[in-house]
Amino acid sequence: MIDRRGFLVLAAGVAAACTSRPADSTTSGRGATNTVDFDFRPEATELDLGGVTVDTWAYGNQLPGREIRIRKGQTLRASVTNQLPDRGTTIHWHGLAIPNAMDGVPVLTQPAIEPGQNFTYEFVVPDAGTYFYHSHVGMQLDRGLYGPLIIEDPAEGADYDEELVVVLDDWIDGVDTNVDEVLANLQRTGMPGMEDEGPNAGVTPVRPMGEDGGDVKDPYYLINGRVHTDPQVVDYSAGQRIRLRVINAGSDTAFRIGVPGHTLTVTHADGFPVIPKPAESVILGQGERVDATITLTSSVPLIAAAYRKDGYARLNMRVGSTASSVKADEYVDALRNQIPLDTATLSAAPEVMLSQSDPDQIIDMRLGGPGSGYLWTINDKTYDPPNDGYRVESNQRVRIRYINETDMFHPMHLHGVTFQVMRSVEQGSANRASPAARKDTVLVAPRQTVDIDFDTNNPGRWITHCHNTYHLDAGMATFIYYE
Ligand code: C2O
Ligand code: CU
């Protein structure tokens, strides 16, 4: 009954310890330079999300897609055979600084893989951490075309007993519509009912991303492919330290994550280490990841409450086969009244801090939309590759300023690099930029500006875009390029 990937497909009531298993894959070569092979076949399929059956597209008959687990420095080789009915596809390796030709962005880095065709991605995995992979064509990420990508570093002193991969999603596809229709509908009707929320768009400490939770109403919320009424159950013993690797693969939802009665010790943001920080709850935007450890004292759910939407996802951690006494609805209400930790505000661990240096070039990116036609823009333009990119010089420090001129939050993602979020701190009467976490995706609250710094040491054409898949498909993307 317990599949090797059992934590992804557990039936109700069946529990399995979920630890770091070796990747289900074939390894060739020897020594430190070995290659790990994976085979992906995106296809139309029917999935059971825990009593909810949907017709969708996925990598085989499972959600999330199979876990990739590989060591830093190994070569990942992934053969992708497109078995989708009538659409091209790609795979993007979200967060990895790899050669541009392997980045999986149609038009910019490769032609989409047409139905019946094959493409093989092959690259050395550069950094340890919690990542994920997903299709980068159209709305395919909002179907089932995603999965976790865990890169281990044997040199990383691991201070925990078990680890648990937690993939969050908001699900609408194949319920009574599909994601392309949902997008077309938004484009047809715009966003009726959008209110003017004033200069701050309702941003407060408890609501750091403002009033507006998203464009898609009433999806199911999933953890590891299951709805909260039939959650995955994982068995532990009391006192165990669990490293949670949480990935937000959702398209239109940020989540508040917490474990009732347990403090999260946040250790990594988007795969990179931070100076550890305790938190009662964390907010995680689309495309972001967080690693946190907890010391389990009793049976307890992990809850991911949708930000400014109704509903939540859960997973049950069970100690000694007792049921949890936590009332999930009450806990969700409590979560919504907390000030969640935004991992972008954490300090990068010293070993991953970028060297201090002033930017050689600054690019302003004004985020706009949606207007009346559901257009989301950067500097008043919708994405039009390969036109309208921003040329930068190689081997320089570049700063992008994401200036959010909308009433909605945007999780902004940049490919090909892990940037350093710059926090603006007041010093006397002036504002200075001071370095915070290393990340690849950062929440930009309504009417706020976030600066990110990075070095141009990985040439190519790198897209930057909102990781709300609807906003991306409706234009909120551009790219930088250098030789
Ligand atoms: Cu996870 Cu360009 O995306
Ligand atoms: Cu957006």
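All of these numbers come straight from a predicted model, not from anything done at the bench.

Draft legend 1. Just the sheet that holds strand β11 (residues 162–171), in detail. Pairing is mixed in the open sheet, where seven strands are placed in the order β13-β12-β11-β15-β20-β17-β18. Sheet topology places β13 (226–227) and β18 (272–279) at the edges, where each strand pairs with a single neighbour. Strand direction decides the pairing type here: strand β15 (residues 241–248) and strand β20 (residues 289–295), joined by seven bridges, are antiparallel. Residue pairing across strands places Arg245 opposite Asp291, the latter belonging to β20.

Draft legend 2. Structural context of the packing of aromatic side chains. In the structure shown here, the tally under the stated rule is eleven aromatic pairs. Each ring, one from Phe40 and one from Tyr59, has its centre 5.3 Å from the other, and the planes form 70 degrees; the classification is edge-to-face. Here the residue Phe40 occupies a position in strand β2 (residues 35–40), and Tyr59 occupies one in strand β4 (residues 53–59), the gap between them amounting to 19 residues. When its relative accessible area of 1% is taken as the criterion, Phe40 is described as buried. One aromatic cluster is present, built from ring pairs that chain together Phe40, Tyr59, Trp93, Phe119, Tyr121, Phe123 and Tyr133. Just above the ring of Trp57 sits the side chain of Arg143; from NZ or CZ to the centre is 3.9 Å.

Draft legend 3. Summary view of the coordination of the copper ion (ligand 2). Surrounding the copper ion (ligand 2) are the protein donor atoms His410 (ND1), Cys466 (SG) and His471 (ND1), which sit 2.0 to 2.1 Å from the metal. Written as a sequence motif, the donor residues of the copper ion (ligand 2) are H-x55-C-x4-H. Of this pair, His410 sits in strand β28 (residues 410–414) while His471 is found in helix α4 (residues 469–473), placing the two residues 61 residues apart along the sequence. You can call His471 buried: its relative accessible area is 0%.

Draft legend 4. Representation of the side chain of Arg69. Assignment of secondary structure puts Arg69 in strand β5 (residues 68–71). Assessed through its relative accessible area of 6%, Arg69 is described here as buried. There is a polar contact of 2.7 Å between the side chain of Arg69 and the side chain of Glu67. A distance of 2.6 Å separates a polar atom in the side chain of Arg69 from a polar atom in the side chain of Glu152.

Draft legend 5. Region of interest: the pattern of salt bridges. Using the criterion set out here, one finds 32 salt bridges in the structure. Linking Glu211 and Arg207 is a salt bridge whose minimum nitrogen-to-oxygen distance equals 3.1 Å. Residue classification places Glu211 among the partly exposed residues on the basis of a relative accessible area of 22%. Here the salt bridges do not stand alone but share partners, grouping Glu67, Arg69, Glu152, Glu156, Glu163, Arg243, Arg245 and Asp291 into one network.

Draft legend 6. Structural detail: unusual backbone geometry. Geometrically, the link from Gly369 to Pro370 is a cis peptide bond, its omega value of 0 degrees lying close to zero. Along the chain, the position of Pro370 falls in the loop between β24 (361–368) and β25 (377–378). Unusually for a residue other than glycine, Arg308 sits at a positive phi of about 55 degrees. Classification of Arg308 by relative accessible area gives partly exposed; the value is 35%. For Asp380, which is not glycine, the phi dihedral falls at a positive 70 degrees.

Draft legend 7. Fine view of the sheet that holds strand β7 (residues 92–94). Strand order in this open sheet of four strands is β5-β10-β9-β7, and the pairing throughout is mixed. Of all strands in the sheet, those bounded by a partner on one side alone are β5 and β7. On average, each strand axis in the sheet is tilted by 25 degrees relative to the strand beside it, whichever way the strands run. As judged from the four bridges shared by β5 and strand β10 (residues 146–152), these two strands associate in the parallel manner. The partner of Ile68 across the bridge, within β10, is Leu149.

How each quantity is defined
Residues numbered from 1 in each chain as written. Chains lettered and ligands numbered in written order. Predicted model: local features only at pLDDT ≥ 70, side-chain atom pairs only at ≥ 80, totals over all residues. Heavy atoms only, no water. Pairing = 2+ DSSP bridges. Helix = DSSP H or I, 4+ residues; strand = E, 2+ residues; numbered from the N terminus. Phe/Tyr/Trp six-rings, centres within 6.5 Å; stacked < 30°, edge-to-face > 60°. Buried < 20%, exposed > 50% of the residue type's maximum accessible area, 1.4 Å probe, protein only. Lys NZ or Arg CZ within 6 Å of the ring centre and 35° of its normal. Donors = N, O, S within 2.8 Å, 3.2 Å for Na, K, Ca; no water. Polar contact = N/O pair within 3.5 Å; in protein donor to acceptor, adjacent residues only side chain to side chain. Salt bridge = Lys/Arg side-chain N within 4 Å of Asp/Glu carboxyl O. Axes fitted to C-alpha atoms, helices over the stretch in contact; angles between N-to-C directions.

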